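Residue-level listing of the chains:
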Amino acid sequence: MARVEVDGVGLFCEAGGDGDPLVLVHGSWGDHHDWDQVVHGLALRHRVLVYDRRGHSESDRQEGQGSRREDEEDLAALLETLGFAPAYVVGNSFGASITLGLAARRPDLFRGIAVHEPPLIDLVAGVPALREQVAATEERLARVVGLLREGDALAGARTFVEEVAFGPGAWEAFPQELRDTFVTNAPTFLDEQGDPAWATLDLAALRDCDVPALLTRGTESPAWFAAVADRVAGALPGVRTHVFEGAGHIPHATHPAEFTATVTSFFADPAGF
């Protein structure tokens, strides 16, 4: 499997393993390689699909302003076109937002969901205790957007990595291949930020999603992620939570064994998790 046409866009995807279908939805800047350290472990129990979201790496990039809703429709089309629905779906960061957005509208496509730190910052923008932290995050994002609009993809990517997501020194610690991926996919991050609905979610609609749901976060991530998780958890019936100690925004890369065990255990027995 290499490319699938959905909604007029060619998406790169790969599938492997046996068992109930499981789809991995990556976050901003990256691609299907984000999941390289956990795919094998997950494929021991599941038929696992990874793909590059539209505008990322080997998938098509379209002209004009896009939206998270388009990414949600791409995910729905993949699930239906490839016969994966209903599937377990795991999303990280912006991929978590996509997963939740689709689950709110099409719960029939899901067997269960596991999402890590969706950046739905609009859900907590009005919380007094988080006001300064949210404002600082939005200011840093604005700097990234400004650099990308000026055409400086390298500076924009580095600023995002070191000032928004991972901290000082992280850019130089990345392997060159990953830095290249960030630069290549920088225009799509700019496009994502141009969608006025990128950071919000219809929590009322999400209450109709009664499939097993796992919300996770890392202890090293900013506090507003925990607040977002609390808001989302309040809208999901029967939700479970997990905290990755010592991890931040990408536990599937920094703590792959724990991440794999957590996801597979939850999907195997949500009630007993």
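These lines cover the structure that appears in this document, whether it is placed above or below.

Basis of the calculations
Residues numbered from 1 in each chain as written. Predicted model: local features only at pLDDT ≥ 70, side-chain atom pairs only at ≥ 80, totals over all residues. Heavy atoms only, no water. Phe/Tyr/Trp six-rings, centres within 6.5 Å; stacked < 30°, edge-to-face > 60°. Axes fitted to C-alpha atoms, helices over the stretch in contact; angles between N-to-C directions. Helix = DSSP H or I, 4+ residues; strand = E, 2+ residues; numbered from the N terminus. Parallel < 35°, antiparallel > 145°, perpendicular 65-115°, else oblique. Left-handed = near helix turned anticlockwise from the far one by under 90°. Contact = heavy atoms within 4.5 Å. Expected span 1.5 Å × (residues − 1). Buried < 20%, exposed > 50% of the residue type's maximum accessible area, 1.4 Å probe, protein only. Nonpolar A, V, L, I, M, F, W, Y, C, P; charged D, E, K, R; others polar. Pairing = 2+ DSSP bridges. Right-handed = clockwise from strand over helix to strand, strands pointing away.

**Points about the packing of aromatic side chains**
Under the criterion given, the structure shown has 14 aromatic pairs. One aromatic cluster is present, formed by Trp29, Phe160, Phe166, Trp171, Phe174, Phe182 and Phe189 through successive ring pairs.

**As for the packing of helix H4 (residues 131-149) against helix H8 (residues 186-193)**
For the pair H4 and H8, the least separation of the axes is 10 Å and the interaxial angle reads 125 degrees. Overall, the two elements H4 and H8 adopt an arrangement that is oblique. Here H4 and H8 pass one another in a crossing that is left-handed. Residues Leu141, Val144, Val145, Leu148 and Arg149 of H4 form the contact with H8, whose participating residues are Ala186, Phe189, Leu190 and Gln193.

**Thoughts on unusual backbone geometry**
Along the chain, Ala85 connects to Pro86 via a cis peptide bond; the corresponding omega equals -5 degrees. The residue Pro86 is located in the loop between helix H2 (68-81) and strand S5 (87-92) in this model. Phi at Ser57 is positive, roughly 50 degrees, even though this residue is not glycine. Within the element layout of this structure, Ser57 appears in the loop between strand S4 (46-51) and H2. Here Glu117, not a glycine, exhibits a phi torsion of approximately 50 degrees, which is positive.

**Thoughts on H2**
Over its 14 residues, H2 extends 20 Å from the first C-alpha to the last, a length consistent with the 20 Å expected when each residue adds 1.5 Å. Along H2, the residues that are buried comprise Arg68, Asp71, Glu72, Asp74, Leu75, Ala76, Ala77, Leu78 and Leu79. Looking at the buried side of H2, the elements it contacts are strand S1 (3-6), strand S2 (9-16), strand S3 (20-25), S4, S5 and helix H3 (94-105). Backbone geometry just downstream of H2 places Gly83 in the positive-phi region, at approximately 70 degrees.

**Side note on helix H12 (residues 256-268)**
End to end, H12 covers 18 Å across 13 residues, agreeing with the expected 18 Å (1.5 Å per residue, within 8%). Listed as buried for H12 are Phe259, Thr260, Thr262, Val263, Thr264, Phe266 and Phe267.

**Overview of the packing of helix H1 (residues 36-43) against H12**
Between H1 and H12, whose axes approach to 9 Å, the crossing angle comes to 40 degrees. What the angle tells us is that H1 and H12 run oblique. Where H1 crosses over H12, the handedness of that crossing is right-handed. Residue-level contacts link Gln37, Val38, Gly41 and Leu42 of H1 to Pro256, Phe259, Thr260, Val263 and Thr264 of H12. Looking at side-chain class alone, the contact of H1 with H12 contains five nonpolar, four polar and no charged residues.

**Focus: the pairing of S3**
Burial runs high along S3: five of the six residues are buried. Of the pairings in the sheet, the one linking S3 to S4 comprises five bridges and is parallel in character. Across the sheet, residue Val23 finds its bridge partner in S4, namely Leu49. Regarding topology, H1 serves as the crossover connection from S3 to the parallel S4, and that connection is right-handed. Judged from the four bridges that link them, S3 and S5 form a sheet pairing that is parallel. Note that in S5 the partner of Leu24 across the bridge is Val90.

**Describing the side chain of Thr181**
The topology assignment puts Thr181 in helix H7 (residues 176-184). Classification of Thr181 by relative accessible area gives buried; the value is 14%. Residues within four places of Thr181 in sequence aside, it is in contact with Trp29, Gly30, Asp31 and Ser57.

Fair warning: the whole summary comes from geometry, so function is off the table for now.
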